[in-house]
Amino acid sequence: MLSYFGWAVGLAGLLFAIGGVLALTRGWILPYQRRWIRRTTVFGWAQLVVAVAFLLQAAEALLVEDPGVGVAVSNTGFAALLCGLGLAVYAQWPREDAGENG
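My aim in this report is to walk through the structure given alongside it, one point at a time. Note that the structure is a prediction, hence the values are computed from the model and not measured. The written sequence of each chain sets the order in which its residues are numbered from 1. Only residues with pLDDT of at least 70 are given local features in this predicted model, and only at 80 or more are side-chain atom pairs given and counted; all residues enter the totals for whole chains, interfaces and linings. The basis for every side-chain value is the complete set of non-hydrogen atoms in the structure, without hydrogens or water.

1. Some thoughts on the environment of Glu-60
In DSSP terms, a helix is any run of H or I states spanning at least four residues, a strand is any run of E spanning at least two, and both are numbered starting from the N terminus. Along the chain, Glu-60 falls in helix α2 (residues 40–62). As for Glu-60 and Gly-70, which are separated by 10 residues in sequence, their C-alpha atoms are 5.6 Å apart. Two residues qualify as a contact provided that any one of their heavy atoms is within 4.5 Å of a heavy atom in the partner residue. Not counting the four nearest positions on each side in its chain, Glu-60 is found in contact with Gly-70, Val-73 and Ser-74.

If you want it as structure tokens, here you go:
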């Protein structure tokens, strides 16, 4: 059962990575996110960091057999996830040059 979880999380990580690359190179984000995201470059980096976090979790579920190493990889993935979520929140803040009405 753990291998199915690992594959699903790995696939989600790849999808986040594709979205991050598209946001960084083309400035493209999903249509339902366009209303909220003010900084597409920061959001692209956020998606890439979240993708790394998901891929670390998938690697821990699929590849790591030593419990001590597994905890370290899992905790690193969790820290990366928190950093990516922080960047995503920052990407939603209004810019200083946009004025009060955004």
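2. Describing the nonpolar core
Among the nonpolar cores identified, the biggest contains 8 residues, and these are Ala-23, Ile-29, Ile-37, Val-42, Phe-43, Ala-46, Ala-88 and Ala-91. Those residues in contact with Ala-91, other than ones at most four positions away along the chain, are Trp-36, Ile-37, Arg-38, Arg-39, Val-42 and Phe-43. Residues grouped as a nonpolar core are buried Ala, Val, Leu, Ile, Met, Phe, Trp, Tyr and Cys residues, joined through side-chain atoms within 4.5 Å. For every residue, the accessible area obtained with a 1.4 Å probe (protein chains only) is divided by the maximum for its type, and the residue is called buried under 20%, exposed over 50%, and partly exposed between those limits.

3. Re the packing of α2 against helix α3 (residues 67–92)
Helices that pack against each other are described as a pair by the angle of their axes relative to one another and the distance between those axes. A fitted line through C-alpha atoms serves as each axis, taken over the contacting stretch for helices, and the angle formed by two N-to-C directions is quoted from 0 to 180°. At a minimum axis separation of 8 Å, α2 and α3 run at an interaxial angle of 160°. Put simply, α2 runs roughly antiparallel to α3. The way α2 lies across α3 gives a crossing that is left-handed. Amino acid classes used here: Ala, Val, Leu, Ile, Met, Phe, Trp, Tyr, Cys and Pro are nonpolar; Asp, Glu, Lys and Arg are charged; the rest, including Gly, are polar. Split into classes, the residues belonging to the contact of α2 with α3 amount to 19 nonpolar, 6 polar and 1 charged. Geometric relationships in this document are graded by angle, where less than 35 degrees denotes roughly parallel, more than 145 denotes roughly antiparallel, 65 to 115 denotes roughly perpendicular, and other angles denote oblique. When the near helix sits turned anticlockwise from the far one by under a right angle, the crossing is termed left-handed; a clockwise turn instead gives a right-handed crossing.

4. Comments concerning α3
Here α3 contains 26 residues, and its C-alpha end-to-end distance of 38 Å stays within 8% of the 38 Å for a straight helix at 1.5 Å per residue. Considered for burial, the residues of α3 that qualify are Gly-70, Val-73, Gly-77, Ala-80, Gly-84, Ala-88 and Ala-91. Under the convention used throughout, the expected extent of a helix is 1.5 Å for every residue step, that is, one less than its residue count.

5. Here's the deal with α2
Since the α-helix advances by 3.6 residues per turn, residues separated by three or four positions end up pointing in the same direction. With 23 residues, α2 should reach 33 Å at 1.5 Å per residue; the first-to-last C-alpha distance of 32 Å fits that figure. Burial in α2 covers these residues: Val-42, Phe-43, Gly-44, Ala-46, Gln-47, Val-50, Ala-51, Ala-53, Gln-57, Ala-58 and Ala-61.

6. A look at the side chain of Gln-33
Positionally, Gln-33 belongs in the loop between α1 (2–25) and α2. Residue class for Gln-33 comes out buried when judged on its relative accessible area of 17%. In contact with Gln-33, not counting residues within four places along its chain, are Phe-43 and Gln-47.

7. Section: a nonpolar patch on the surface
In this scheme, patches are assembled from residues that exceed 30% relative accessible area and form no salt bridge. Like charges are connected within 9 Å, while nonpolar side chains (Val, Leu, Ile, Met, Phe, Trp, Tyr) are connected within 5 Å. Accessible surface area values rest on a Shrake-Rupley calculation with a 1.4 Å probe, where residue burial reflects the displayed protein chains alone. By salt bridge we mean one thing: a side-chain nitrogen of Lys or Arg within 4 Å of a carboxyl oxygen of Asp or Glu. Taken together, the side chains of Leu-11, Leu-15, Ile-18, Leu-22, Trp-28, Leu-30 and Tyr-32 define a hydrophobic patch exposed on the protein surface, amounting to about 700 Å² of accessible area. Note that Leu-15 resides in helix α1. Classification of Leu-15 by relative accessible area gives exposed; the value is 54%.

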